[in-house]
There are 4 protein chains.
Amino acid sequence: MTRRFTTEVTVQWGDVDLAGVVYFPHFFRYVDIAEAEFYHSLGPTVLELEESLGIRLPRVEATCRFLKPARFCDRLSVTLEIGRLSTKTVRYLFDVRRGDEAIAEGHLVIASVSIADFKAIPLPQKLRELLQPYAPPDGGA
Amino acid sequence: MTRRFTTEVTVQWGDVDLAGVVYFPHFFRYVDIAEAEFYHSLGPTVLELEESLGIRLPRVEATCRFLKPARFCDRLSVTLEIGRLSTKTVRYLFDVRRGDEAIAEGHLVIASVSIADFKAIPLPQKLRELLQPYAPPDGGA
Amino acid sequence: MTRRFTTEVTVQWGDVDLAGVVYFPHFFRYVDIAEAEFYHSLGPTVLELEESLGIRLPRVEATCRFLKPARFCDRLSVTLEIGRLSTKTVRYLFDVRRGDEAIAEGHLVIASVSIADFKAIPLPQKLRELLQPYAPPDGGA
Amino acid sequence: MTRRFTTEVTVQWGDVDLAGVVYFPHFFRYVDIAEAEFYHSLGPTVLELEESLGIRLPRVEATCRFLKPARFCDRLSVTLEIGRLSTKTVRYLFDVRRGDEAIAEGHLVIASVSIADFKAIPLPQKLRELLQPYAPPDGGA
């Protein structure tokens, strides 16, 4: 069983800067699109999940290495993998490819906070169960 | 007494497309920046206003004519004026200038909806009173 | 033969504002996605077209009426139709739907400018021929 | 002499997501605003610099830790500092503060590529001289 999730995005006109390449913060949007589709593939949307559990899932860390420029109309594959699932955070590893070429790679760390006051709380059990099948066997410790 | 409100914005790298000019939807963001500062100049932020009145103020119409391109690092003046203040909507006229040159001009129509269900409701009296000094004497009818 | 072109977009997390609905300038991005795919369906990308013809195709007018809010994960259909094809401009009519519901509608007017100096020039013959099959029989005059 | 450069940004309506906090990729735009103003404070705009030197200055790495949420209308200070200036890259360290509170912090690594083909080239001497007064005495090695 693969523990990776891949989605496709197409570079839009508004994503490209005057150097003719994707303006770098948009890569983080592309990863968010993949993450939203990943949750949706498990059942609920991430918003339904948040609201049913009384949480938000903000990013506490984001990093990306930009290996090659991406251009208007490029068809990119964004792949997510859970690098670590702990009691408090999920670490996603991602890469962005154009066919065989590596375009970007990095990670996101997501925490769980109360919807009411944005105070950190442990990841709800239901969320951990949903993500468990995609996590490394030992949680990635 | 002037009934116009002006603010300044600087064109950012991420606002410019591969043609080297501001990507047109960003002009609507510039107008929103002016509108947010306009409300703030009257006292509350637009968010405080919405939340204290139990409303949201979505746009129901937006139009813009783009007269000249704007470029990276351009310093633009965005001017707002209330064209019409009725019981249900506010119509803002706006223009964007770079020094003496007209860059863009248009209007926004804003309605009032209940925060709970996004159903249209009349503009709250408090909001009308706040905007009244900026409205044409006859409401713009 | 239908003269309409439709594409689908999904509302992303980053498109939604704190009122929980699509922030209105993003609707213009959605229309741009449809326009880019429309050109691509005819052969070249809009960028290849621009660069082979030595032109840019800036918007000179954009208008939209927002009929209902769209929300995170909504699947929207964006439909384009050429309302008028003249010697100098193309007028696209668009609407955005969620299933049977009308969400937004408006138009864009696109002109042709020289890539070198952004001065207005007539639409190149090759572009007019490409668009002709989608234009009203009388050009929409 | 301080080697730090600070600018102020205000959180706009369109920067905030449905959780009511700044959508994280926008922090990278805030850092770009600071970087553009930093170059401009040295004389040329970054675009003039790029075009006079025949280069682009893409990011090859970006990282950010998000410490506290930022909200609509927050006034944020973005501070840049050169952590390392080598023959091929500039490493900027940044932090984002709201008054005394640390909101976010991270770094960007910027490389120099030929404007013609996006191939990596050493940082032009003129750019290194411009940045030198802000670099650590030993280049940050």
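For the structure itself, consult the block above.
Just so it is clear, the structure is predicted and the values come from calculations on it, not from any experiment.

*Asks:* Please explain the pairing of strand S3 (residues 59-66) of chain B as it appears in this structure.
*Replies:* Each regular strand shows side chains that alternate between the opposite faces of the sheet. Both S3(B) and strand S6 (residues 101-111) of chain B contribute to a ladder of 7 bridges, which runs antiparallel. Across the sheet, Glu61(B) pairs through a bridge with Val109(B), a residue of S6(B). Relative to strand S3 (residues 59-66) of chain C, S3(B) runs antiparallel, the two sharing 5 bridges. When the sheet's bridge partners are listed, Arg65(B) is paired in S3(C) with Glu61(C).

*Asks:* Help me understand the interface of chain D and chain A, please; the structure alone is not making it clear to me.
*Replies:* How big an interface is tends to be reported as the loss of accessible area on association of its parts. Opposite the 18 residues of chain D that make contact, chain A presents 18 residues. Ranked by the residues each element gives to the side of chain D that touches chain A, the list is headed by strand S3 (residues 59-66) of chain D, at 8 residues. Partitioned by chemical class, the residues of the side of chain D that touches chain A number 12 nonpolar, 1 polar and 5 charged.

*Asks:* Explanation requested: the relation of the copies chain B and chain C in the structure shown.
*Replies:* In this arrangement, two copies of a chain are superimposed by a rotation about an axis accompanied by a shift along the axis. Laying chain B over chain C is done by rotating through 180° and shifting 0.0 Å along the axis; what remains is an RMSD of 0.0 Å. In short, the pair behaves as if placed about a two-fold rotation axis. Closest approach to the rotation axis among the C-alpha atoms of chain B is made by Thr63(B), whose C-alpha sits 2.0 Å away. When the interface residues of chain B are mapped onto chain C, 100% of them are again interface residues, pointing to one common binding face.

*Asks:* What exactly am I supposed to notice about the interface of chain B and chain C here?
*Replies:* Contacts between chain B and chain C engage 18 residues on the former and 18 residues on the latter. Mapped by element, the contributors of at least two residues to the side of chain B that touches chain C are helix H1 (25-42) and S3 of chain B. Considered class by class, the residues forming the side of chain B that touches chain C number 12 nonpolar, 1 polar and 5 charged.

*Asks:* Where do I start with the environment of Glu37(D) in this structure?
*Replies:* For Glu37(D), the position within the fold is in helix H1 (residues 25-42). Residue Glu37(D) is classed as buried on the basis of its C-beta count, with 21 C-beta atoms lying within 10 Å.

*Asks:* Explanation requested: the sheet that holds strand S1 (residues 4-10) of chain C in the structure shown.
*Replies:* Strands in a sheet are paired, the pairing made by backbone hydrogen bonds, and the direction either parallel or antiparallel. Taken in spatial order, the 10 strands line up as S1(B)-S4(B)-S5(B)-S6(B)-S3(B)-S3(C)-S6(C)-S5(C)-S4(C)-S1(C) in an open sheet, and their pairing is antiparallel. Bordering the open sheet on either side are strand S1 (4-10) of chain B together with S1 of chain C, each of which pairs with just one other strand. Each neighbouring strand pair of the sheet contributes to a mean axis angle of 20°, computed without reference to strand direction. Alignment of S1(C) against strand S4 (residues 75-85) of chain C, held across 7 bridges, turns out to be antiparallel.

*Asks:* Explain unusual backbone geometry here, please?
*Replies:* For residues besides glycine, phi is generally negative; the peptide bonds are generally trans as well. For Phe118(B), which is not a glycine, the phi torsion comes out positive at approximately 60°. Its identity as a non-glycine residue notwithstanding, Cys73(C) has a phi of 75°, on the positive side. Mapping Cys73(C) onto the fold places it in the loop between S3 and S4. Its 18 C-beta neighbours within 10 Å are what place Cys73(C) among the partly exposed residues.

Each value, and the rule that gives it
- Residues numbered from 1 in each chain as written.
- Chains lettered and ligands numbered in written order.
- Predicted model: local features only at pLDDT ≥ 70, side-chain atom pairs only at ≥ 80, totals over all residues.
- Pairing = 2+ DSSP bridges.
- Helix = DSSP H or I, 4+ residues; strand = E, 2+ residues; numbered from the N terminus.
- Contact = placed C-beta atoms within 7 Å.
- Nonpolar A, V, L, I, M, F, W, Y, C, P; charged D, E, K, R; others polar.
- Least-squares fit on C-alpha atoms with pLDDT ≥ 70 in both.
- Buried ≥ 20, exposed ≤ 12 C-beta atoms within 10 Å, placed from the backbone.
- Axes fitted to C-alpha atoms, helices over the stretch in contact; angles between N-to-C directions.

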